[in-house]
Amino acid sequence: MHVKSEVLPHLHLLAKAPLPGQAKTRLSPLLGAEGAANAHAELVRHCVASACQALPAEKITLWTALDHAHPLFIELREAFGVTLRAQPEGDLGARVRYALNSTPGPAMLMGSDCPSITSALITTCAQQLANFEVVILPAEDGGYGLIGTHHDYPALFEGIPWGTQSVLTTTQQRIESLGLRAAYPATIWDVDRPDDWQRWKALENR
C-alpha cells in the first residue's frame, strides 16, 4: 500500500554487490563465503521489494558498491524499475548524506540488510516525516536502520562513530543540539551475524 501524500519522500537504499568474501563476511562461519554472498543478495532483493510496496519505483534509488554492473543490480532495475546510482567515495556518513541530498524534497535512506523494516514500516516512516524534521528507526545494536530528513544537516553524519554501539546516541545528541524534532516509530534489527540470519529464517518459516 503506497503512501498517500502530496510530497512523497524519496527513498535511498545502500547495497554492496554480492561478491564472495566481500559481502556479509560475518555470516561466512555459518554459510561459507559463497553462501554469505547469496544471503546478502537475498537480503537486497527483499529490501527492494519492501521499498517498492511502500513507494512508487520512481521514488527509489539503489546506490551500488563494489561492482556497479553486477547482475543482481541489473535484475532489480529491470524487475522493479528502480534507479541505480554508484555510491560515492567517503565514509558511511558522507555517503548517506550525499544520497539524502541528491534528490529534492524530503528523503529517507535505509540499509539493505534490515529485513525487519517492512513495507508498512517504511510507509509509517514516510508519514511521520510529514510531521517531524527527522525520522529514525533505531536498531537493537545501537545503530539505526533508516533515517529521513527534509534538509541537509551535516552534524548528523560527520564525526559519528560508525559501526559502534554509540551511533544512535551520538546522532540523538546531535538532533537535540540542533533543536530538531525527531520521530522513532519502531526499533528494528539487521542481519550481521549467524544468529541474526537464523532469526530471520525462523520468521520466514513461520
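The structure presented is a predicted model; accordingly, all values stated were derived computationally and were not measured.

(A) The arrangement of the nonpolar core in detail. Leu-11, Leu-13, Leu-62, Met-108 and Ile-122 are the most contacted members of the largest nonpolar core, which has 35 residues in total. Elements with a minimum of two residues in this core: strand S1 (10-16), helix H1 (28-54), strand S2 (60-65), helix H2 (71-80), strand S4 (107-111), helix H4 (119-129) and strand S5 (134-138). Counting residues per element, this core draws most heavily on H1, which supplies 7 residues. Ignoring sequence-local partners within four residues, the contact set of Ile-122 consists of Leu-11, Ser-50, Ala-51, Ala-54, Leu-55, Met-108, Met-110 and Ile-117. Counting residues in each nonpolar core, the second largest holds 19 residues, with Ala-99, Tyr-144, Tyr-153 and Ile-175 among its members.

(B) Spotlight on the side chain of Thr-103. As for its position among the elements, Thr-103 is in the loop between helix H3 (92-100) and S4. What makes Thr-103 buried here is its relative accessible area of 17%. Once residues lying within four places of it in the same chain are set aside, the contact partners of Thr-103 are His-10 and His-12.

(C) Focus on the pattern of salt bridges. Inspection of every chain in the model, using the stated rule, returns 9 salt bridges. Where Lys-24 meets Asp-192, a salt bridge forms, and the shortest distance between an N and an O atom there is 3.2 Å. One end of the pair, Lys-24, is in the loop between S1 and H1; the other, Asp-192, is in the loop between strand S7 (182-183) and helix H6 (194-204), with 168 residues separating them in the sequence. Exposure class is identical for Lys-24 and Asp-192. Each is buried. Members of the salt-bridge network, linked through shared partners, are Lys-24, Arg-26, Asp-113 and Asp-192.

(D) Looking closely at the packing of aromatic side chains. On inspection of all chains with the given rule, the structure shows 3 aromatic pairs. Centroid distance Trp-63 to Tyr-98: 5.8 Å. Interplanar angle 90 degrees. Geometry classified as edge-to-face. On the criterion of sequence distance, the pair formed by Trp-63 in strand S2 and Tyr-98 in helix H3 is long-range, its members being 35 residues apart. Of the residues examined, Tyr-98 reaches a relative accessible area of 43% and is grouped as partly exposed.

(E) How the structure looks around the pairing of strand S6 (residues 144-149). With 6 of 6 residues buried, S6 lies mostly within the body of the structure. Pairing between S4 and S6: 4 bridges, direction antiparallel. Residue pairing across strands places Ala-107 opposite Thr-149, the latter belonging to S6. Pairing of S5 with S6, which is carried by 5 bridges, proceeds in the antiparallel orientation.

(F) The sheet that holds S4, seen in detail. As summarised here, the arrangement of the 7 strands in space is S3-S2-S1-S4-S6-S5-S7, forming an open sheet in which the pairing is mixed. Strands at the two margins of the open sheet, each flanked by one partner only, are strand S3 (83-86) and S7. Of the strands in this sheet, S1, S2, S3, S4 and S6 are in contact with H3, which crosses S4 at around 140 degrees.

Rules behind the numbers
Residues numbered from 1 in each chain as written. Predicted model: local features only at pLDDT ≥ 70, side-chain atom pairs only at ≥ 80, totals over all residues. Heavy atoms only, no water. Core = buried A, V, L, I, M, F, W, Y, C linked by side-chain atoms within 4.5 Å. Buried < 20%, exposed > 50% of the residue type's maximum accessible area, 1.4 Å probe, protein only. Helix = DSSP H or I, 4+ residues; strand = E, 2+ residues; numbered from the N terminus. Contact = heavy atoms within 4.5 Å. Salt bridge = Lys/Arg side-chain N within 4 Å of Asp/Glu carboxyl O. Phe/Tyr/Trp six-rings, centres within 6.5 Å; stacked < 30°, edge-to-face > 60°. Pairing = 2+ DSSP bridges. Axes fitted to C-alpha atoms, helices over the stretch in contact; angles between N-to-C directions.

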